[in-house]
Amino acid sequence: MWKVLARSSGATELNDFYPIRPECQADAPAPRFKPRAGKTLSQRRWNSSFDAEGHLNIAKVLRRIQRGGVHPSIKGEVWEFLLGCYDPNSTFDERTELKNRRRGQYDMWKAECQRMVPMIGSGKFITTPLIDEDGQPIDKSLIGVQPSNKKVLQWMQVLHQIGLDVNRTDRALVFYESEANQAKLWDVLSVYAWLDDDIGYVQGMNDICSPLIILIENEADSYWCFDRAMRRMRENFRTSASSMGVQSQLATLSQIMKTVDPKLHEHLEDLDGGEYLFAFRMLMVLFRREFSFADTLYLWELIWGMEYNPNIFAKYEEPERAKANASPQTLSDKILKQYGKFERKNVKTGNAEESSALAVFVVASVLEIKHRRILNEAKGVDDVVQILGDITSNLDAKKACEEALKIQKKYLSKAQGKK
């Protein structure tokens, strides 16, 4: 039913694409995003952006996305390009070959996980611990092999936490009334946690993965899209006893606000908010709590479209070629049009800071929107949190991104002026 609704021709009501459970409708924020003819990237315009062999005119696509987002019926396939799963210069045949190879790779990884924990791939998932503190199985029927090393032990210890988070993820959506759909999310996160030896699974990754599970029908394809999304955001989830990964972005946010709005920055410092920890959640899960589900998807594709770099596929698949193509001296105006608005500015100015993501400037734009209220009403950090909490379902994603671009321009101009 879900996919039939998602593919129905001419449907414009977002509830047809992301239906909300009846008992949750009263509490669900109304989405501001609406597909608009002539602005939103439609199925027809998307199809017409490919030539006969399958090469994609990414510059044309980016212009449309930056104007009005992507129609819900094609979000999944468009996102695969925005996130770098595929090279716009590849052909239909090349992408089919790559997709099949990746599906085979995912199936191998999943089978490896399934041998250790047979519940994976069963259409069900767990929410209780598999092993006790001593590393012994609590229910031997749920474990295929005895934990043999630290990696296996740590992975098995986190699987029930993934299950608990899956149980809480986007519960207002009809899609997750199905245990099979919840299990699909659990499977992808479990396989990812097994493969990421360094960070593994951290709460919040479920919020990033969920829309990809909903938009992309094939589980292996949704895994690869999640993998690419995490390559952009992975460092946000790195934590230690003394630091959080997202702190580098918070430090950048502090520097931006100090540069573009010193008065507001000084006020926040006086409130002991100069480290901008109140923005932690916004950056960690990319505004999942500040927007309705539909508006979150719209914001993400605006951000990814504006951040788009035509070397993103090569960066993941062929790093050396990506480095060779990244030199600003070799970029013509035609090639620059294949970059998103935000990334184009970075390329022109030579700004290569990984922590200077567009999301950081979006947070800065939100602070600027609330500038007057924060200065007049905030007597402590809790007041700042409350004022920013008012943006839920009241913030226009496109306006926030456009303001973020203005702040980026102002910041880079002032930063260069100080050199």
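Just above, that's the structure.
Structural notes, computed from the coordinates. (Residues numbered from 1 in each chain as written. Predicted model: local features only at pLDDT ≥ 70, side-chain atom pairs only at ≥ 80, totals over all residues. Heavy atoms only, no water.)

## A look at the overall build of the protein
Step number 1: When its secondary structure is counted, the protein shows 22 helices and zero strands.
Step number 2: Scaling as 2.2 N^0.38, a compact globule of 419 residues should have a C-alpha radius of gyration of about 22 Å, and the protein matches this with 22 Å.
Step number 3: Along the longest, intermediate and shortest principal axes, the C-alpha atoms of the protein span 65 × 60 × 50 Å.
Step number 4: Relative to all contacts within the protein whose residues are 6 or more apart in sequence, the contacts with residues 24 or more apart total 73%.
Step number 5: Of the roughly 19,400 Å² of accessible surface on the protein, a fraction of 48% belongs to carbon and sulfur atoms.
Step number 6: Between the averaged position of the 59 positive side-chain charges in the protein and that of its 57 negative side-chain charges there is a distance of 7 Å. (Helix = DSSP H or I, 4+ residues; strand = E, 2+ residues; numbered from the N terminus. Rg over C-alpha atoms; globule rule 2.2 N^0.38 Å. Contact = heavy atoms within 4.5 Å. Areas by Shrake-Rupley, 256 points an atom, 1.4 Å probe, with all protein chains shown as cover. Lys, Arg positive; Asp, Glu negative; His and termini not counted. Charge placed at Lys NZ, Arg CZ, Asp CG, Glu CD.)

## A closer look at a negative patch on the surface
Step number 1: A contiguous patch of negative charge on the surface is contributed by Glu266, Glu269, Asp270, Asp272 and Glu275.
Step number 2: By secondary structure assignment, the location of Asp270 is in helix α12 (residues 262-270). (Patch = residues over 30% accessible without salt bridge, like charges linked within 9 Å, V, L, I, M, F, W, Y side chains within 5 Å. Salt bridge = Lys/Arg side-chain N within 4 Å of Asp/Glu carboxyl O.)

## What to know about the packing of helix α4 (residues 58-68) against helix α14 (residues 293-306)
Step number 1: Their axes nearest at 9 Å, the elements α4 and α14 cross at an angle of 140°. Considered as vectors, α4 and α14 are oriented oblique to each other. For α4 against α14, the interelement crossing comes out left-handed. Within the contact between the two elements, α4 uses Leu62, Ile65, Gln66 and Gly68 and α14 uses Tyr298, Glu301, Leu302, Gly305 and Met306.
Step number 2: Per-class residue counts for the contact of α4 with α14 are five nonpolar, three polar and one charged. (Axes fitted to C-alpha atoms, helices over the stretch in contact; angles between N-to-C directions. Parallel < 35°, antiparallel > 145°, perpendicular 65-115°, else oblique. Left-handed = near helix turned anticlockwise from the far one by under 90°. Nonpolar A, V, L, I, M, F, W, Y, C, P; charged D, E, K, R; others polar.)

## Describing the packing of aromatic side chains
Step number 1: If you walk through the whole model with that rule in mind, you get 22 aromatic pairs.
Step number 2: On the basis of an interplanar angle of 40° and a centroid distance of 6.1 Å, the ring pair of Trp79 and Trp300 is categorised as tilted. Residue Trp79 is found in helix α5 (residues 75-82), and its partner Trp300 is found in helix α14; the two are separated by 221 residues along the sequence.
Step number 3: Clustering of aromatic rings is evident, with ring pairs tying together Trp46, Phe50, Phe81, Tyr86 and Phe92.
Step number 4: Arg102 extends its terminal NZ or CZ atom over the ring of Trp224, reaching a point 5.3 Å from the ring centre.
Step number 5: Above the face of the Trp194 ring, Lys151 is positioned so that its terminal group lies 4.0 Å from the ring centre. (Phe/Tyr/Trp six-rings, centres within 6.5 Å; stacked < 30°, edge-to-face > 60°. Lys NZ or Arg CZ within 6 Å of the ring centre and 35° of its normal.)

## Points about the side chain of Ser49
Step number 1: Among the structural elements, Ser49 can be located in the loop between α3 (43-48) and α4.
Step number 2: A distance of 2.7 Å separates a polar side-chain atom of Ser49 from the backbone oxygen of Arg45.
Step number 3: Once you skip the residues sitting within four places of it in the chain, Ser49 turns out to touch His55, Leu56, Asn57, Lys60 and Val61. (Polar contact = N/O pair within 3.5 Å; in protein donor to acceptor, adjacent residues only side chain to side chain.)

## Some thoughts on the environment of Gly68
Step number 1: With respect to the helices and strands, Gly68 occurs in helix α4.
Step number 2: Note: C-alpha distance between Gly68 and Phe92 (24 residues apart in sequence) is 26 Å.
Step number 3: When residues no more than four places from it in sequence are discounted, the contact partners of Gly68 are Phe33, Lys39, Thr40 and Tyr298.

## Some details on the nonpolar core
Step number 1: Ranked by size, the top nonpolar core spans 133 residues in total, and within it Trp155, Met205, Phe226 and Leu367 carry the most contacts.
Step number 2: Not counting the four nearest positions on each side in its chain, Phe226 is found in contact with Val188, Leu189, Tyr192, Met205, Ile208, Cys209 and Leu212. (Core = buried A, V, L, I, M, F, W, Y, C linked by side-chain atoms within 4.5 Å. Buried < 20%, exposed > 50% of the residue type's maximum accessible area, 1.4 Å probe, protein only.)

## Notes on α14
Step number 1: For α14, with 14 residues, the first-to-last C-alpha span of 20 Å sits near the 20 Å given by 1.5 Å per residue.
Step number 2: The buried fraction of α14 amounts to 14 of the 14 residues, a majority that puts the element mostly inside the structure. (Expected span 1.5 Å × (residues − 1).)

## Here's the deal with the environment of Phe278
Step number 1: Relative to the elements of secondary structure, Phe278 occurs in the loop between α12 and α13 (280-284).
Step number 2: The buried category is assigned to Phe278, whose relative accessible area is 14%.
Step number 3: Considering only alpha carbons, one finds Phe278 and Val384, 106 residues apart in sequence, at a separation of 7.6 Å.
Step number 4: Aside from chain neighbours lying at most four places away, what touches Phe278 is Leu268, Gly273, Leu367, Val381, Val384, Val385 and Leu388.

## Section: a positive patch on the surface
Step number 1: Taken together, the side chains of Lys34, Arg36, Lys39 and Arg67 make up a positively charged region of the molecular surface.
Step number 2: Its relative accessible area of 39% is what places Lys39 among the partly exposed residues.

## Concerning unusual backbone geometry
Step number 1: One non-glycine residue, Asp272, adopts positive backbone phi at about 65°.
Step number 2: Taking relative accessible area as the criterion, Asp272 reaches 70% and is therefore assigned exposed.
Step number 3: You will see that Tyr276, though not glycine, has its phi angle at about 60°, which is positive.
Step number 4: Note that Tyr276 resides in the loop between α12 and α13.

## So, the environment of Ser49
Step number 1: With relative accessibility at 4%, the residue Ser49 sits in the buried group.
Step number 2: Put simply, Ser49 and Val61 are twelve residues apart on the chain and 7.0 Å apart in space, counted from C-alpha to C-alpha.

## Thoughts on the state of the cysteines
A disulfide bridge is the covalent bond that connects two cysteines by way of their sulfur atoms.
Step number 1: Evaluation of the coordinates by the stated rule reveals zero disulfides.
Step number 2: Counting only cysteine sulfurs, Cys209 is the nearest neighbor of Cys113, a cysteine outside any disulfide, at a range of 14 Å.
Step number 3: Taking relative accessible area as the criterion, Cys113 reaches 0% and is therefore assigned buried.
Step number 4: Cys209 forms no disulfide, and the closest cysteine sulfur to it belongs to Cys225, at a distance of 9.5 Å. (Disulfide = S-S within 2.5 Å.)

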